Amino acid sequence: EALDAVLQQDVQATSLRPTKTFEYSIRIVGGLLGAFSVTGDGRLLVRAWDSVESLLQSPFASSPTVLPRMYDILFPTRGNNMLFYKIYSRLYEWGRDKFTTEHHYNSLAGVGSFSLEFYFLSQVLGVNTYKQAVDGIFQHVITYQNQDGIVPSYWNVMTGEPENSQGGLGSGSDSFVEYLLKVPLLACLEEKGADNSSLLDCTPVLQDMLKLYDKIVQGPLRSNHVIRKGSDPSIAYPADHYRYHQLVCFLPGLVALGSSVNHHDNTIERKATDFALAEEMARGCQDMYEDATTGLGPEEVNVDNKRGDRSYQLRPEYIESVFILYQLTGREEYQDIGWQIFQSIEKFCKTKTGYTGLNDVYNPPNGNDEEGGGGGRVDNMPSYFLAETLKYLLLLFAPDDYVSLDEFVFTTEAHPLMRASRFKGAALASPSYIQAELARDVYLVHARLPWWLFCVLGFVIVLIGVVLVSLRKKKRLVLEPLSKD
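Conventions we followed
- Residues numbered from 1 in each chain as written.
- Predicted model: local features only at pLDDT ≥ 70, side-chain atom pairs only at ≥ 80, totals over all residues.
- Heavy atoms only, no water.
- Helix = DSSP H or I, 4+ residues; strand = E, 2+ residues; numbered from the N terminus.
- Buried < 20%, exposed > 50% of the residue type's maximum accessible area, 1.4 Å probe, protein only.
- Areas by Shrake-Rupley, 256 points an atom, 1.4 Å probe, with all protein chains shown as cover.
- 1 Å grid on protein atoms, 1.4 Å probe; cavity = no way out; pocket = protein on both sides within 12 Å on 5 of 7 lines; lining within 4 Å.
- Points joined across faces, edges and corners; volume = space filled by probe spheres on them.
- Nonpolar A, V, L, I, M, F, W, Y, C, P; charged D, E, K, R; others polar.
- Phe/Tyr/Trp six-rings, centres within 6.5 Å; stacked < 30°, edge-to-face > 60°.
- Pairing = 2+ DSSP bridges.
- Polar contact = N/O pair within 3.5 Å; in protein donor to acceptor, adjacent residues only side chain to side chain.
- Patch = residues over 30% accessible without salt bridge, like charges linked within 9 Å, V, L, I, M, F, W, Y side chains within 5 Å.
- Salt bridge = Lys/Arg side-chain N within 4 Å of Asp/Glu carboxyl O.
- Lys, Arg positive; Asp, Glu negative; His and termini not counted.
- Charge placed at Lys NZ, Arg CZ, Asp CG, Glu CD.
- Axes fitted to C-alpha atoms, helices over the stretch in contact; angles between N-to-C directions.
- Left-handed = near helix turned anticlockwise from the far one by under 90°.
- Contact = heavy atoms within 4.5 Å.

Participant: I'd like a description of the overall build of the chain, backed by residues and values.
Facilitator: Summing up its helical and strand segments, the chain has 16 helices and 16 strands in all. Across the 485 residues of the chain, 53% fall into the buried class. In the structure as shown, the chain presents an accessible area of about 22,300 Å², 54% of it carried by carbon and sulfur atoms.

Here it is in structure tokens:
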């Protein structure tokens with residue numbers, strides 16, 4: 001039933017409001033491709049193709065540079081009412097560029113985090129269209145990298161130029177950095193090394209991604225994004241802008257994953273030091289969790305006095321790192337950590353209607369109602385809590401080969417995509433298969449016009465009618481005296 005609902009759902013023209021391009025890609029496109037990857041159901045692949053094509057024809061095509069717009073009107077590439085949506089989209093683009101500048105800018109993550117999903121679609125279909133689109137973005141932005149490898153975090157999509165020279169590894173840049181490793185992991189094939197071990201065999205663009213990832217890990221990550229605990233240097237807090245950030249607790253898992261990759265530049269010594277750093281950063285995140293009264297880590301604080309944003313937002317980043325470290329080591333201590341976090345979520349975040357974040361992890365709510373007293377709760381349950389936090393907790397306790405890192409690479413939104421080395425780089429489907437499937441009634445795209453549009457049109461028609469009647473009466477009043485004369 002769920003699959004039938006997805007197949008019948010119009011995944012583009014759900015409203016006439018602009019869609020945030022990055023969020024649509026990581027959630028809709030990634031979700032469809034991840035579901036296809038674990039089920040092999042080609043109908044999901046067709047829907048994913050629909051979604052990617054709508055991105056290419058709207059935010060990618062409407063940008064004057066290689067960088068896609070942050071927002072755009074998405075509409076189907078086929079189906080009923082397409083002409084209306086196309087005209088509306090073009091009018092929206094004209095008005096946006098004529099009267100505002102708000103959509104002229106995008107973050108590095110916003111322009112540079114399409115590559116994992118687009119590469120997977122290209123590999124599955126055996127075409128270059130989608131990976132060429134994201135290769136162009138990557139090759140463009142890295143020409144502006146700083147000497148340490150950090151790429152500017154904010155961009156003008158109208159000029160293709162960065163708006164600042166600064167960058168980081170946290171919000172606005174995180175998924176771009178994450179994909180520097182994960183795209184080669186997904187897309188590179190494997191070859192046998194001199195010692196009969198498996199080495200990644202990558203294209204030049206994918207090699208450049210790995211080189212930039214290594215440059216960042218060996219340089220700015222160690223020097224600017226780690227804060228050692230004074231009383232115990234083996235505890236390293238992942239940091240951005242010299243403060244602990246919950247968002248960058250994805251770094252322990254990413255660095256651990258990178259230490260497991262066999263490529264020509266990854267020596268045994270480097271792999272060992274990188275994995276040691278990953279464990280130290282994991283201990284830093286864990287220290288923040290254990291230090292809080294609720295057993296849940298704060299959003300962003302000074303590591304010494306814990307001042308800052310002390311809220312808990314149900315985020316998945318640390319759980320993701322715990323899952324990866326468990327997969328790589330098999331050590332039950334990581335399952336124990338995950339279980340402690342889950343129990344804390346159940347105790348402090350669960351309500352009658354769902355799960356909420358906390359306003360202050362050091363001052364827990366003291367009741368079971370929605371407000372809960374104490375520091376209170378955040379009246380919000382983000383979609384990533386279901387898509388990522390709970391998924392990684394589930395996988396942490398699932399059989400080790402349930403969704404193995406040897407076979408899958410997880411997107412930034414925790415959707416598993418099968419690695420090319422698992423299907424030997426051969427296409428799993430073809431464009432002709434897509435077109436044949438699209439001919440079936442099950443894929444009919446209705447793209448229904450929104451109900452309020454009919455209300456507006458009805459009001460305009462009535463208004464025009466009233467104006468015409470008024471003009472006719474006025475004309476009759478003017479003509480009557482003349483006829484009497």
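What follows picks up the thread again.
Participant: I'd like a description of the layout of surface pockets, backed by residues and values.
Facilitator: Space inside the largest pocket adds up to approximately 510 Å³. Taken together, 25 residues form the lining of the largest pocket, with Phe22, Glu23, Ile26, Asp174 and Leu247 sitting closest to its centre. The set of elements that each furnish at least two residues to the lining of the largest pocket consists of helix H2 (21–39), strand E3 (105–107), helix H5 (108–112), helix H8 (174–187), helix H12 (317–329) and helix H14 (383–397). The biggest single contributor to the lining of the largest pocket is H2, with 4 residues. Class assignment for the residues of the lining of the largest pocket results in 8 nonpolar, 7 polar and 10 charged. In this structure, the second largest pocket encloses a volume near 410 Å³. Together, 22 residues line the second largest pocket, and Leu185, Ser260, Leu405, Asp406 and Arg419 are the ones closest to its centre. Elements supplying a minimum of two residues to the lining of the second largest pocket: H8, strand E7 (198–201), H12 and strand E15 (408–410). When residues in the lining of the second largest pocket are grouped by element, the largest group, 4 residues, is from H12.

Participant: Outline the packing of aromatic side chains, supporting the account with residue identities and numerical values.
Facilitator: Evaluation of the coordinates by the stated rule reveals 14 aromatic pairs. Here the aromatic residues Phe60, Phe114 and Phe118 are joined through ring pairs into a cluster of three or more.

Participant: Lay out the pairing of strand E8 (residues 226–229) with the relevant residues and their values.
Facilitator: Regular strands have side chains that alternate between both faces of the sheet. Bridge count for E8 against strand E9 (residues 232–240) is 4 bridges, and the pairing is antiparallel. Within E9, the position partnered with lysine 229 by the bridge is aspartate 232. In this antiparallel pair of consecutive strands, E8 and E9, the connection spans 2 residues.

Participant: Quick one: what's the story with the sheet that holds strand E11 (residues 300–301), residue by residue and with numbers?
Facilitator: Strand order in this open sheet of 5 strands is E8-E9-E10-E11-E12, and the pairing throughout is antiparallel. Bordering the open sheet on either side are E8 and strand E12 (308–309), each of which pairs with just one other strand. Bridge count for strand E10 (residues 243–245) against E11 is 2 bridges, and the pairing is antiparallel. Each bridged residue has a counterpart across the sheet, and for tyrosine 244 the counterpart in E11 is valine 301.

Participant: Describe the side chain of aspartate 240, naming the residues involved and giving the relevant values.
Facilitator: Mapping aspartate 240 onto the fold places it in strand E9. In this structure the side chain of aspartate 240 is engaged in a polar contact, spanning 3.3 Å, whose partner is the backbone nitrogen of glycine 170.

Participant: If you had to explain a nonpolar patch on the surface to someone new, which residues and values would you point to?
Facilitator: Residues Val456, Phe459, Val460, Leu463, Ile464, Val467, Leu468 and Leu471 make up a contiguous nonpolar surface patch of about 730 Å² in total accessible area. By secondary structure assignment, the location of valine 456 is in helix H16 (residues 451–484).

Participant: Can you explain the environment of leucine 16? Please cite residues and give values.
Facilitator: Relative to the helices and strands, leucine 16 is located in the loop between helix H1 (2–8) and strand E1 (19–20). Judged by relative accessible area, leucine 16 falls into the buried class, the value being 5%. Leucine 16 sits 72 residues away from tyrosine 88 along the chain, and the two C-alpha atoms are 8.2 Å apart.

Participant: For a positive patch on the surface, give the residues involved together with the corresponding values.
Facilitator: Taken together, the side chains of Arg472, Lys473, Lys475 and Arg476 present a region of like positive charge at the surface. Looking at the element boundaries, arginine 476 is found in helix H16.

Participant: Give me the lowdown on the packing of H2 against helix H6 (residues 115–125), citing residues and values where you can.
Facilitator: Running from N to C, H2 and H6 point in directions that differ by 40°, and their axes come no closer than 10 Å. For the pair H2 and H6, the sense of crossing is left-handed. Only Glu117, Phe118, Phe120, Leu121 and Val124 of H6 make contact with H2, whose side of the interface consists of Ser25, Ile26, Val29, Gly30, Leu33, Phe36 and Ser37. Of the residues contributing to the contact of H2 with H6, the split by class is 8 nonpolar, 3 polar and 1 charged.

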